[in-house]
Amino acid sequence: MNEILILEIGDQKYGIDFHDPFFFLIRDLLYESTWEVFAADLTNKVHVERIHKLQEIENKTGRISGSLFLPISTLEIKSYFKELDLNPQKLKHATPEGFYELAQDEAESEEIDEAMNLMDFVIETWPSYAKAYELKGTFLIEKGAQEEGIALLKKSIEIDPTLAEAYSELGQAYYNLEDYDKAIEYWKKELEYTPYDKFAYFMIANAYRKQGKIGSAIETLKKFVSEDKKSILARYELMDLYNQMEEYELAKEYEDQILKMTPYYPGDIEPWAKVLFKNERYEEVIRVVEDHIQKYPIDAHFKILLVVPYAKSGRYNEAREILNEFKDQKDWYYYGKKELFESNLSKEELDLCGIR
């Protein structure tokens, strides 16, 4: 052991080398932060002694998180395993879930290539770990390699037919390819394992819309509404679909239901507000949206919905302040809401708010 420093705790001294941080990482990534299971997989006496040393240090200093030693590249991981003569394939109690989560973190940091390298390592080491194929397949599709990505997603469900994430991604991939029948097929399969997945229901309905099968879209959303009594967005979509079919009485039934509801999900706030605008219930929108933003500042983008009721209440200065804030900071979001303003405000009100 090539010690690079001596750690002195009380009257005890511990030699620390370059490999100690790696052991903390492996414990957290492959063994769910458990030294005992890690040690049980080791046959090399030196490795076991290292774990005992690190346990002693933690007993005296408190827990040391392996995340302190990130970032680490796949190349470095392979190098450490080789230097330590530690074969990950022989770590029979190790689970690669930590590597899967690390790859997701890499992707969120826009390090897609590194995330894929890590999944390649996982596939090589744990070839029956279905989620690695699913995640790499998803990354490939994001990079435009549709066929290769779809093949890996299909491989993942061959290994684990219950892997809902893979069915979801396959549905999205085929939807993007405009193969709506296959998209619907995979999303329906996803629902067999995650029957309350809101996304799948909405996407199936949307795929049916793309095919012009409005009746099938309606049946899909009605099934969802029967299972989720709180969803305003599903009712809003049903209202819109019935209006398309000129079934105005049925559309009005769903509109009336929305008028009796208060948003439970953040994603329901905007469709709910649109229905209330139509029925001139502006003060109610102000109260609900302001209360929501106060409780959940992360949802401050809903503030732009207040422009309409503020204008209707003569609060033009406040409406202009909101619009200026979005023009300066989130102009894309502002321009995405111009239709909402133009369909609910008169020309005079638009002018007074400074909307051109």
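That block above? That's the structure.
Residues numbered from 1 in each chain as written. Predicted model: local features only at pLDDT ≥ 70, side-chain atom pairs only at ≥ 80, totals over all residues. Heavy atoms only, no water.

Draft legend 1. Focus on the packing of aromatic side chains. Evaluated as defined, the whole model comprises 23 aromatic pairs. Judged by centre distance (5.5 Å) and plane angle (65°), the ring pair of F24 and W35 falls under edge-to-face. Taken as a pair, F24 in helix 1 (residues 20-30) and W35 in helix 2 (residues 35-40) lie far apart in primary sequence, 11 residues in all. A relative accessible area of 5% places W35 in the buried class. Seen in terms of ring centroids, Y264 and Y265 are 5.0 Å apart; in terms of plane orientation they differ by 85°. Their pairing is edge-to-face. Overall, the relative accessible area of 52% leaves Y264 in the exposed class. Through successive ring pairs, a cluster of aromatic residues spans F22, Y80, F81, F99, F121 and W126. Against the face of Y100 rests K131, its NZ or CZ located 4.4 Å from the ring centre. Above the face of the Y174 ring, K182 is positioned so that its terminal group lies 5.7 Å from the ring centre. (Phe/Tyr/Trp six-rings, centres within 6.5 Å; stacked < 30°, edge-to-face > 60°. Helix = DSSP H or I, 4+ residues; strand = E, 2+ residues; numbered from the N terminus. Buried < 20%, exposed > 50% of the residue type's maximum accessible area, 1.4 Å probe, protein only. Lys NZ or Arg CZ within 6 Å of the ring centre and 35° of its normal.)

Draft legend 2. Seen up close, the pattern of salt bridges. All told, the structure shown has 23 salt bridges when counted by the stated rule. Among the salt bridges present, the one from D20 reaches K53, with a minimum N-O distance of 2.8 Å. With D20 in helix 1 and K53 in helix 3 (residues 45-61), this residue pair connects regions lying 33 residues apart in the sequence. The pair D20 / K53 is uniform in exposure class, with both members buried. Note that K312 and E349 form a salt bridge whose closest N and O atoms lie 3.1 Å from each other. Here K312, found in helix 17 (residues 307-312), pairs with E349, found in helix 21 (residues 347-353); they are 37 residues apart in sequence, far enough to count as distant. Members of the salt-bridge network, linked through shared partners, are D17, D20, R50 and K53. (Salt bridge = Lys/Arg side-chain N within 4 Å of Asp/Glu carboxyl O.)

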